[in-house]
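One-letter residues, chain by chain:
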2 protein chains.
Amino acid sequence: MISEVRTKASLAQDATAIMNRLSTEQKNTALSRMADALIAETNAIITANELDLQRGREQGTSPSMLDRLALNKDRVASIAEGLRQIVELPDPVGELLEHFDRPNGLKVNKIRVPIGVIGMIYEARPNVTVDAAGLCLKTGNCVVLRGGSAAIESNRKIVEVLKNALSDTAMPADAIQLIEDSDRASVNEMLKLNGLLDVVIPRGGASLIRNVVENATVPVIETGAGICHTFIDASADYTMAVEIAFNAKVQRPSVCNSMETLLVHEAFAEQHLAALADRFVQEGVELRGCERTASLLTGIKPATDEDYSTEYNDYIMNIRVVSDLDAALAHIRRFSTKHSECIVTENSENAERFIQDVDAAAVYHNASTRFTDGFEFGFGAEIGISTQKLHARGPMGLPALTSTKYLVYGTGQIRG
Amino acid sequence: MISEVRTKASLAQDATAIMNRLSTEQKNTALSRMADALIAETNAIITANELDLQRGREQGTSPSMLDRLALNKDRVASIAEGLRQIVELPDPVGELLEHFDRPNGLKVNKIRVPIGVIGMIYEARPNVTVDAAGLCLKTGNCVVLRGGSAAIESNRKIVEVLKNALSDTAMPADAIQLIEDSDRASVNEMLKLNGLLDVVIPRGGASLIRNVVENATVPVIETGAGICHTFIDASADYTMAVEIAFNAKVQRPSVCNSMETLLVHEAFAEQHLAALADRFVQEGVELRGCERTASLLTGIKPATDEDYSTEYNDYIMNIRVVSDLDAALAHIRRFSTKHSECIVTENSENAERFIQDVDAAAVYHNASTRFTDGFEFGFGAEIGISTQKLHARGPMGLPALTSTKYLVYGTGQIRG
C-alpha cells in the first residue's frame, strides 16, 4: 500500500506542470478566492479549532500554547488579510535575472521559475498553514503541509476550505496537500522523499529543526536557531547601547532574532554595567554572568559555556565582559549560530571590522538584531529566516521560493 | 581519538576567519604561487603519479581509467594553466547584490561572502584536485578534498606542493585539506559533518552521487546526472535537426549533457527517420527504439522503460516516435533528470511552449544540449553542473561558491 505521504506528494508533483504555466493573474485570483473562502467559512473553522483546543485542555497543554493554537473571528480575518497582502506582492516567477549573447550566436536567458513541490513541517500554529500555502502558491509551487498534530482539526478544515476555493480557478486543488497522519513517521518519510519533494522547510523549535536537518536527504532550508549577541564597545553611546540591548532582549524574547548574550567592553563595563544591568533586572530579566560581571554586579549567577550555547527564548540573558573587540569576535565565533549579531560603537573602524569579520546572516552596527525579519527588510512576506549558507540566507521573501532555468535560443549551433 | 576527517575539517573551519579577510590580490598571489609550484615540482608529481598508475595496472584498471589518471608534463602544465585562468576571473566576493534604505533610516547592504568550508568528493582524476582547490580558494572558501583512492599518491604530492606554495603568502595552508583515508567510511563521515563542512559537492559517476545524496545531512549541491532529450518537431529543418542530434549524441557521449533519447515527431519520422538513423549507425551508435521506430527501421532493438531511464554515457541511444509536442513533453516529464533538453523546430509557438513547459536546468531551441557548460556559457570556470533546484542550477561558476550576508547600518534604531 502506498502511504499517505507518498500519495499526496505524488499528486502535488503531478500538479507542478499546471502550476508552472499559471499567470500571475491566475495565481492572484486563486489566492483572493482562498481569502474570501476563509472569511465565509470562519464559523466552521472556529468550530474545528474548538475541537483542537478541547483536546489540548484535556491533555494539559500550557495556556501559552493554547493561545498560539486558538482561532477567533479576528484571527481568521487577519489570516485572510495575510493572503490578500500576498496577492499584492510582485510575482518573482518569470523574472529575467541574466541575459547573455555568446560569440557563437546563442542567446541565453536566465529566468526565475517555481521550485516545484515544497514540504513544510511546522508546529501547532494554524496561521502557518495558510501563510505557507499562500507564499508557496504565489510563487507557482505546490505545497505539502505537515503541521503539528495539536492543530489537526483546524488544519483539516482550513485546507478543505482552501481547496474548495480553487474549484472555479485555474489553480489545481492538488497543489495543496495536508498530511493528516499525526505519527512522527510521516515526517521522517517526507524527509526521504527525494524526487517527489524538491525542498523541505522546517518552521518551529530547535528539536523539530534538528530532526529535519539530521534526517533529511531531501534538500532542506534550515531556519530559526538564533543565539544572537550584542557587543557594546568602549566608545558606545550609553543611551543608544542600553536601548539597543534592551530592545534586542525584551521586545519579544521568544523569537530567534532576540539577544541571548550581551558582550560588554571592559571600559564600558567599569563605568556603566551596574546601571545597565539594573534596567534588565527591573524588567524581570534573569542575568547570568562571567567572573568579571560577577565582580561588578552583586548576586549574579555564573554563566557557563552551556549557557552561552543556549537559545533561551526567554527573559534570561548572559553578560560577558571582554577586554577588546577581538575577544568579542572570538566569543561570537565560538557560540554564534550565525543568525544576527550587533556591535554598538562610535568607532567606525571597529564597526567595519566587526561587520566584515562576523560570519552571520545579518550583522548590525548601532541597531537592534530584532530587525532581521522579512517585513522589517521590506520584503512584504517571510517564509522563514534561513540560518544556512546555501540558496538563501537571512529573511526569505518570495524570491527564496524560486529556482532558475536557462533558456537557450539557437539557430542550429553545435559544439565543436 | 579524533578522526582524520574531523581533525582536518576543524582545521579548515578555523582557517575560514582568515580566508574571509583576504583581498582579491592576496588570493590571486596565492593561486599564482600554486601554479608556479606545480610547474616547478612537475617531476615529483609525475613520480608520485607513476605509483598510482603502477598500482592501477597491477589491479587490472581499464586503459581508459588509467588514461584519466595519468599525468605527464603537458597535463601538469595544463593543470597549472587552469589555475592561472582562475586568477584572471573576477572575484565575486564582496560584490554588492542589493542595497535598500528603510523608512526608519536603516541602510541594508546584501553582499557576497565565502560559503566557508566546501567538501569535495570525487573520483580518480588528479586534475580535479587542483581545479576544485583553485575555485574554492579564489572565492575565499576553505576546501576539504576527498579524491578517489586510485589517485591517492598523486593527490598527496599535489596537495603537498600546493600547501608549500602558500608559505610566503597571506593564505593559510590549512585552507586546503586532503583526506588520505581511502576507506569509504571517511566519505560517509564527511557527509554527516554539519557545523564543520558548510556544503558537500560530489563530482563523479551516478553511484558516487547517489551515495552522497542519500546519506548526507550536510547540505549538498547535486551535480551531474543527465538523461537529456532532443525532440525533432514536424517542422524541423532536416539538416539542422540531424546535426544537432548527432552533436548531442556523439561529440562526447561520456558527459552528462550528451543526449540519451531522441524523440521524433511522426511526420518528420515518416520522411526522414531512415536517413537520420543511418548517420548514427555509420558512427557506430547502437540504436534502440519504440515500436514505431522498429516499423520504420530494420533490425532495431526495442527500447524499454529501463532504457529510457538509463544514462548510457556511451555510443547507445533510444529513438522514440511521438505523435505530437504533448507526447514529447510527457515523455520528457517522465524520464528527464532535468538537466538539458532540446527542441528542434521552425514553429516558434511550439518552441516557446517547449521552453516554458520543460522543467530542466537548461532548455534549448535549435541548439545542441552539449552547450550546458560553464565555459560555453562564458563563466570562465565550472565547479560542476547542478541538477538540483536550490542555490544553483545548471553550470556553476564562481558565484555559485558564495553565500550572502546582510550588513545593516543604523543610528540607534530599535524595533517598536
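You'll find the structure just up there.
Values in this document were obtained by computation on a predicted structure and should not be read as measured data. (Residues numbered from 1 in each chain as written. Chains lettered and ligands numbered in written order. Predicted model: local features only at pLDDT ≥ 70, side-chain atom pairs only at ≥ 80, totals over all residues. Heavy atoms only, no water.)

Asker: Explain the relation of the copies chain B and chain A residue by residue, including any values.
Answerer: Rotating chain B by 180° and translating it 0.0 Å along the rotation axis places it on chain A, where the RMSD comes to 0.0 Å. Here the two chains are linked by the operation of a two-fold rotation axis. In terms of proximity to the rotation axis, the leading residue of chain B is B:His391, whose C-alpha is 1.7 Å off the axis. (Least-squares fit on C-alpha atoms with pLDDT ≥ 70 in both.)

Asker: Could you give an account of the pattern of salt bridges, naming the residues involved and the relevant values?
Answerer: Residues and elements named next belong to chain A. Under the defined criterion, the tally for this structure stands at 58 salt bridges over all chains. The salt bridge partner of Arg156 is Glu153, with a shortest N-O separation of 3.4 Å. In this pair, Arg156 and Glu153 are both assigned in helix α7 (residues 152–165), 3 residues apart and thus about one turn of the helix distant. (Salt bridge = Lys/Arg side-chain N within 4 Å of Asp/Glu carboxyl O. Helix = DSSP H or I, 4+ residues; strand = E, 2+ residues; numbered from the N terminus.)

Asker: I'd like a rundown of the sheet that holds strand β13 (residues 362–367) of chain A, residues and numbers included.
Answerer: Taken in spatial order, the 10 strands of this open sheet run β10(A)-β9(A)-β11(A)-β8(A)-β7(A)-β12(A)-β13(A)-β16(B)-β2(B)-β1(B), and their pairing is mixed. Strands at the two margins of the open sheet, each flanked by one partner only, are β10 (301–302) of chain A together with β1 (96–101) of chain B. Pairing analysis gives 4 bridges linking strand β9 (residues 286–289) of chain A to strand β11 (residues 316–322) of chain A, with the strands arranged parallel. The residue bridging A:Glu286 from the neighbouring strand is A:Ile316, located in β11(A). Relative to the sheet, helix α14 (residues 325–335) of chain A contacts β7 (228–232), β8 (259–265), β11 and β12 (340–344) of chain A, its axis offset from that of β7(A) by approximately 175°. (Pairing = 2+ DSSP bridges. Contact = heavy atoms within 4.5 Å. Axes fitted to C-alpha atoms, helices over the stretch in contact; angles between N-to-C directions.)

Asker: Describe the side chain of A:Arg146, with residues and values.
Answerer: All names here are of chain A. Tracing the backbone through its elements, the reader meets Arg146 in strand β4 (residues 142–146). Despite its burial, Arg146 pairs with no opposite charge, the nearest such side chain being Asp181 at 5.8 Å. Not counting residues up to four positions away in its chain, the partners in contact with Arg146 are Met120, Ile121, Tyr122, Ile179, Asp181, Ser182, Asp183, Arg184, Ser186, Val187 and Met190. (Buried < 20%, exposed > 50% of the residue type's maximum accessible area, 1.4 Å probe, protein only. Lys, Arg positive; Asp, Glu negative; His and termini not counted.)

Asker: Please provide a residue-by-residue account of empty space enclosed by the protein, values included.
Answerer: On inspection of all chains with the given rule, the structure shows 3 cavities of 30 Å³ or more. A:Lys338, A:Asp359, A:Lys389, B:Gln13, B:Thr16, B:Asn20, B:Pro114, B:Ile115 and B:Gly116 are the residues that line the largest cavity. Considering every element that reaches the lining of the largest cavity, the biggest residue donor is helix α1 (residues 4–21) of chain B, with 3 residues. Here the lining of the largest cavity is built from residues that sort into 2 nonpolar, 4 polar and 3 charged. (1 Å grid on protein atoms, 1.4 Å probe; cavity = no way out; pocket = protein on both sides within 12 Å on 5 of 7 lines; lining within 4 Å. Points joined across faces, edges and corners; volume = space filled by probe spheres on them. Nonpolar A, V, L, I, M, F, W, Y, C, P; charged D, E, K, R; others polar.)

Asker: Quick one: what's the story with the packing of aromatic side chains, residue by residue and with numbers?
Answerer: Scanning all chains against the criterion turns up 16 aromatic pairs over all chains. Centroid distance A:Phe377 to B:Phe100: 6.0 Å. Interplanar angle 65°. Geometry classified as edge-to-face. Here B:Phe100 lies in strand β1 and A:Phe377 lies in the loop between β13 and β14 (384–386), a pairing that spans two chains. Neither residue differs from the other here; A:Phe377 and B:Phe100 are each classed as buried. When the centroid spacing of 5.0 Å and the interplanar angle of 70° are considered together, the rings of A:Tyr406 and B:Phe377 count as edge-to-face. Here the residue A:Tyr406 occupies a position in strand β16 (residues 402–413), and B:Phe377 occupies one in the loop between β13 (362–367) and β14 (384–386), the pair thus bridging two chains. Note on A:Tyr406: relative accessible area 2%, which makes it buried. Judged by its relative accessible area of 3%, B:Phe377 falls in the buried class. Feature note: the residues A:Phe100, A:Tyr406, B:Phe377 and B:Phe379 constitute an aromatic cluster, connected by ring pairs. (Phe/Tyr/Trp six-rings, centres within 6.5 Å; stacked < 30°, edge-to-face > 60°.)

Asker: Requested: an account of the side chain of B:Lys249, with residues and values cited.
Answerer: All names here are of chain B. By the element assignment, Lys249 lies in helix α10 (residues 238–250). Engagement of the side chain of Lys249 in a polar contact is seen with the side chain of Glu260, the distance being 3.2 Å. In this view, Lys249 contacts Ser258, Met259, Glu260, Phe280, Val285, Asp314, Ile316 and Met317; residues no more than four positions away in its chain are not counted. (Polar contact = N/O pair within 3.5 Å; in protein donor to acceptor, adjacent residues only side chain to side chain.)

Asker: How would you explain the pairing of strand β7 (residues 228–232) of chain B if you had to name every residue and give the values?
Answerer: It is a general feature of regular strands that their side chains alternate between the two faces of the sheet. All names here are of chain B. Counting buried positions over the 5 residues of β7 gives 5, a clear majority of the element. Regarding topology, α10 serves as the crossover connection from β7 to the parallel strand β8 (residues 259–265), and that connection is right-handed. The pairing of β7 with strand β12 (residues 340–344) spans 4 bridges and is classified as parallel. What sits directly across from Phe231, in β12, is Ile343. (Right-handed = clockwise from strand over helix to strand, strands pointing away.)

Asker: An account of the packing of helix α2 (residues 24–40) of chain B against helix α5 (residues 73–88) of chain B is needed here, citing residue identities and associated values.
Answerer: Packed helix pairs are characterised by how far apart their axes lie and by the angle those axes make with each other. Residue and element names in this part refer to chain B. As a packed pair, α2 and α5 sit with axes 9 Å apart at the nearest point and diverge in direction by 170°. Considered as vectors, α2 and α5 are oriented roughly antiparallel to each other. When α2 is examined against α5, the residues Asn28, Leu31, Ser32, Met34, Ala35, Asp36, Leu38 and Ile39 are found in contact with a partner set consisting of Val76, Ala77, Ile79, Ala80, Leu83, Arg84, Ile86 and Val87. Grouping the amino acids of the contact of α2 with α5 by side-chain chemistry returns 12 nonpolar, 2 polar and 2 charged. (Parallel < 35°, antiparallel > 145°, perpendicular 65-115°, else oblique.)

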